[in-house]
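Summary of the model geometry
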Amino acid sequence: MKFCLTVIALCISLVAMTQECHSELRGTIDDFHDGSKITGATLYIESLKIYAVTDLDGNYQFVKLCDGVYKITVSHIACDTKYLQMEVKGTTTYNINLEHHIEELEEVSVKGSSLKTQTNSSQETILKSKELEAFSSGSLGDALKQISGVNSLNTGNTIVKPVINGMHSSRIIVMTNGVRLQDQDWGIEHAPNIDVNSAESISVIKGSGALAFGGDAIGGVIVMNPQRVFLKDSLFGKTITSAQTNGIGYSLSSKLTKTFAKGWYISGQGTLKRYGDFEAPDYSLTNTGLDSKSFSINTGYQTFEQGFNVFYSFLNNEIGILRSSHIGNVEDLVTAINSQQPQVIEPFSYNINSPRQDVTHQVFKAEFYKRFKTFGRLEIQYDFQNNQRLEYDIRIGDNRNNAALDLTLKTHSIKTNLKLDSNIGNTYEIGLSANFQNNFANPDTNVRRLIPDYDRYDFGIYAITDFKINDEFRIDFGARYDFNRYDAKKFYQTSRWEELGYDDDFADIVIEDLGTQLLTNPQFDYHNLSASAGATYEINENHAILFNYSLSSRAPNPSELFSDGLHHSAARIELGDLRIDQETSNRFAFSYLFSSEKLTINLETFYNHVNDFIYIEPTGSQQTIRGAFPVWSYKQTNASLVGVDVSLDYIISNHLSFRNRSSLLKGYDLDLNRPLIDMPSNNTVNSITYTNEKWLNFNAELQSELVLRQNEFPDTNFEVFIPSSNEMVLVDISTPPPTYHLLHFNSDITFDLSNQTDLNIGVSVQNVLNVSYRNYLNRLRYFADDLGRNILLQLKLNY
C-alpha cells in the first residue's frame, strides 16, 4: 500500500514539473518624447532570469509564462532605466514609454562647458561649483568678477553689485532657483540679497536675449542654478569653513542632500559669516564689519514625466558702512576728498554701529511640472518674497536708535510656460507671468521718506523658438510684451513741486493740498516690447561663431521716478523725475570661439544703443538744516556702449597653464557728446597655474590684476560755499583714481579620507604686496583706500 502511494505521488510531481504555462506578455516600447518606436530595448524578468529585446518595430514578447506578478527591468542606451511590476493573466498587453532623447534634451550648446546653458545664441558664461566654492566667504559680486566683462559697483567691500558690460541694478535680472529676485535693487548701495553658497553653478547671460526671464534685462541675466537631482538612493553633502586675517573673521557653510531612486529629494543649506573692521594697507576701516546668516531648504519629487518643487530661503545681513563716509555736509565731503586717509580711524572692533544696514530677505516657491507624451512640458510656479530694508544713520536724541529708512517690499508672482519639444532639434516655448508688488515706507522713522508707498502690477507674455538647421547651424527667435503699472501715494513739498514744474505737468495727480505739502497719487502705465534673434554656427570642430540681436525695454524703477530727499546711507540728496520714460536698448553681439586640445579662446564683442538711457549724476549742492549736501539727479539721454571681452586658456604643459580675462568698454552720451558716468575701467587679469595630481592634487596659482585709470568720464564737479573759510571751493567729485596693479596667490591640496570623502585645504592671499589703491566704481573711494592684504585659509569637506 505504501509503495502504491509513493508511486502515485511521484507521478503527480512529474506531471507538475513538466506542466507548461501558456500565458504571454507582449507590447511595444515607445519614445515618450515623440512617440517613435524604440529598437533594441532590453526587458529582464529577474525571478525567471529571462530576457526579451524589442524588434525594429519596437515590439517585445515573453511566451510560456505562468499567471502571476513579475518585476521587470526595462533599459536602453541613453534612456533612464525603468523598474516595473506587471501582473500577467493569459495573453497580457503592456505598452511601455521610455525617454530616448534625454542626452539630446540636455545637450550642451557652448563649447568647453559640461553644463547645460540657458540660451543658444546669447553670450553666456557658466561658473561651476569649484569656481564658486573659492568665493564661499565672499559675495555674489565677488564671484562673478572672474568673468570678463563683469565688474562690480561697491559700497566698501561687503556691498557688491554686479555690473555687466557697464549695466547694473534694475538692468540686471537675478534668478535664484527659478525665482526672480525682488529686493530694492534700485539703490547703488543695495547688493543682491543672496548667498553665493546656495548655487551649484551660475550662468551669466550678457544682454537681454533670455526673454523667458524678462524683457527688461538690458544688462543681462544672472541665473543661480540649484543642485541637480539624481534618481538614486544617496546621501551626500559638503561643508566649507574659512578664516581670514583682514576682518579677522570666519565663514561656515554646509549643505546636505538626500535623494531617492523613486524621485523624492530634500536638501538643506546654511551659511554663517562674521567679520570685524576690515583694513586698508595703512589704516583700519572703522565700522565695516559684517554679520550674515542664511539658510534654505529645497524639497520635492522629480521624474521625467512629472514632479514638483517647494523651496524656502532666509537671509539676514547686518552691514557696517565706513564711519568716515557719513558726512554731515558738503564741507565734510571736500575735506574727505582732499585728505589721504579717513577722518575717523578707531581700533579694530566687531561692533557694527551706525551708519549700517540691516536687510532681511525671504523667498518661498512652489512649482509643478508635467510632461505630455509626444507634446511637451508644462510648468506652473508661484512665489512670494518679503524684503525688509533698514538703514541707520548717525542720529541724536530720541531717534538715535531708529532707522532713517524703513522699507518693506512684498512681491507675489505666478508664471506658467509650455515648452513644445517633441520634435528633437526644434523647440517652441510660450509663457505668461503676473506680479503684484507692494512697497511700504514706514513713516515712523521721523525722516522724510525717500521712496513712497506704491503698488506695482506687472504682466508679461513671451514666445521663443529654436531651430536646429543641421548639426552645425542653429537659429533662434523670440518676442515678449510686458505691461507695468505704478500706483503710488507720495508727499511733495509745495516749493519743490513748483520748482520742478510739476504744477503745470501733473496738476491732475494732486489729491490733497496741505499748504506746505501736497499729497499726490502718481499712476503710470508702461508698455514694453522686447525681441531677440540669434544664430550659432560651428565652422568645424575648432571654430564657431555666434551672433545675437536683442531689443529690450525697461520701465523706470521707483527710485528714478520718485526719489525726493536725503538718502542717508549714501549721504546725498537724490531727486527722481516723474517725466522719466522707459529706456529702450538695441544690442548687437558677435562672438568667435576657438577650441583645441591646448588652447581655448572666446572673443566677445557688442554694441548697445540705448534710447532714453537713465542715469544719475551730481548736479550741485543743497542746503538743509544739517548743512549742505551734494545733489544727485536722475536724467535721461541717448547713449551708446561698445566693448570687447576676451577669455583665453592655454595649457603650456602637463603641469602649467595660463589664463587671461580682459575687458574693454566705452560708454558715451550721444546727446551731450561726452562719456557716460560710472563706466568700468579697462582691465586685464592674467594667471599662471601649476598642478600636480601626484602631490595630493596640488594646485598653485599666481594672478596679476591690472586696472587702468578711467580716462573717459564726464566733468560733474561743482562749486560750493564753505562758511568756515568764507570761500567758494571746487568739489572734485569726478576725477577717477589712478591705475593700479595687484598680485594674488591661491593654492590647495586634497586628501582622500575614504572612497566617498575628501578634504580640500586651500590658502589664498589677496593683494600680496599690500598695495594702496582706490577703484573708480567704489562709492567710498572719496573717503578711504580699498582693502589691504588678506590671507584666507579654507577647509572643504566633501562627503
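From a predicted model like this one, the values you see are computed outputs, not experimental measurements. (Residues numbered from 1 in each chain as written. Predicted model: local features only at pLDDT ≥ 70, side-chain atom pairs only at ≥ 80, totals over all residues. Heavy atoms only, no water.)

Comments concerning the confidence of the model for the chain
Quick reminder of the rule: A score from 0 to 100, pLDDT tells how confident the predictor is in each residue. Contacts: residue pairs with any heavy atoms within 4.5 Å of one another.
Here the chain shows a mean pLDDT of 89. Residues at 70 or above account for 94%. A low-confidence stretch, residues 103–115 stays under pLDDT 50, and its non-local contacts, those more than four residues away or across chains, total 35 contacts.

Examining the nonpolar core
Let me state the cut-off plainly: Among buried residues, those of type Ala, Val, Leu, Ile, Met, Phe, Trp, Tyr and Cys that are joined through side-chain atoms within 4.5 Å constitute a nonpolar core. Residue burial is assigned from relative accessible area. The probe radius is 1.4 Å, only protein chains are included, and a residue is buried under 20% of its type maximum, exposed over 50%, and partly exposed in between.
Counting residues in hydrophobic clusters, the biggest one holds 76 residues, and the most contacted among them are Leu 333, Trp 497, Leu 578, Leu 641, Val 731 and Phe 783. Ignoring anything within four residues of it in the chain, the contact list for Val 731 reads Val 330, Leu 333, Val 334, Ile 337, Asn 717, Phe 718 and Val 720. Membership of the second largest hydrophobic core comes to 19 residues, among which are Ile 29, Tyr 70, Leu 84 and Ile 96.

Some points on the sheet that holds strand E6 (residues 82–88)
Inclusion rule: If DSSP finds at least two bridges between two strands, the strands pair. Starting at the N terminus, helices and strands are each numbered in turn, a helix being any DSSP run of H or I of at least four residues and a strand any DSSP run of E of at least two. Angles here are taken between N-to-C directions and fall from 0 to 180 degrees, while the axes themselves are lines fitted to C-alpha atoms, restricted in helices to the stretch in contact.
Judged by pairing direction, the sheet is antiparallel, and its 4 strands sit side by side in the order E3-E2-E5-E6 without closing on themselves. Lying at the two open borders of the sheet, with one neighbouring strand each, are strand E3 (50–53) and E6. Taken pair by pair, the neighbouring strands of this sheet meet at an average axis angle of 30 degrees, ignoring direction. Where strand E2 (residues 42–45) lies against strand E5 (residues 68–75), 4 bridges are found, and the strand directions are antiparallel. Looking at E5, one finds that Ile 45 is bridged to Ile 72.

Overview of the packing of aromatic side chains
The criterion, for reference: Here a Phe, Tyr or Trp ring, Trp counted by its six-membered ring, pairs with any other such ring whose centre lies within 6.5 Å, and the pair is stacked when the planes are under 30 degrees apart, edge-to-face when over 60, and tilted otherwise. Consider the ring centre and the ring normal. A charge sits over the ring if Lys NZ or Arg CZ is within 6 Å of that centre and within 35 degrees of that normal.
With the rule as written, the count across this model stands at 27 aromatic pairs. Ring geometry for Tyr 454 against Tyr 486: centres 5.8 Å apart, planes inclined by 75 degrees, an arrangement best described as edge-to-face. Here the residue Tyr 454 occupies a position in strand E27 (residues 453–468), and Tyr 486 occupies one in strand E28 (residues 473–493), the gap between them amounting to 32 residues. The class of Tyr 454 is buried, set by a relative accessible area of 3%. For Tyr 486, a relative accessible area of 0% corresponds to the buried category. Taking 4.9 Å as the distance between ring centres and 40 degrees as the angle between the ring planes, the aromatic pair formed by Tyr 549 and Phe 588 counts as tilted. Residue Tyr 549 is found in strand E32 (residues 543–554), and its partner Phe 588 is found in strand E35 (residues 583–595); the two are separated by 39 residues along the sequence. For Phe 588, a relative accessible area of 39% translates into the label partly exposed. Grouping aromatic residues by their ring pairs yields a cluster made of Tyr 492, Trp 497, Tyr 502, Phe 506 and Phe 524. It is Lys 258 that lies over the ring of Phe 260; its NZ or CZ is 4.8 Å from the centre. Positioned over the ring face of Tyr 369 is Arg 377, at 3.9 Å from the centre of the ring.

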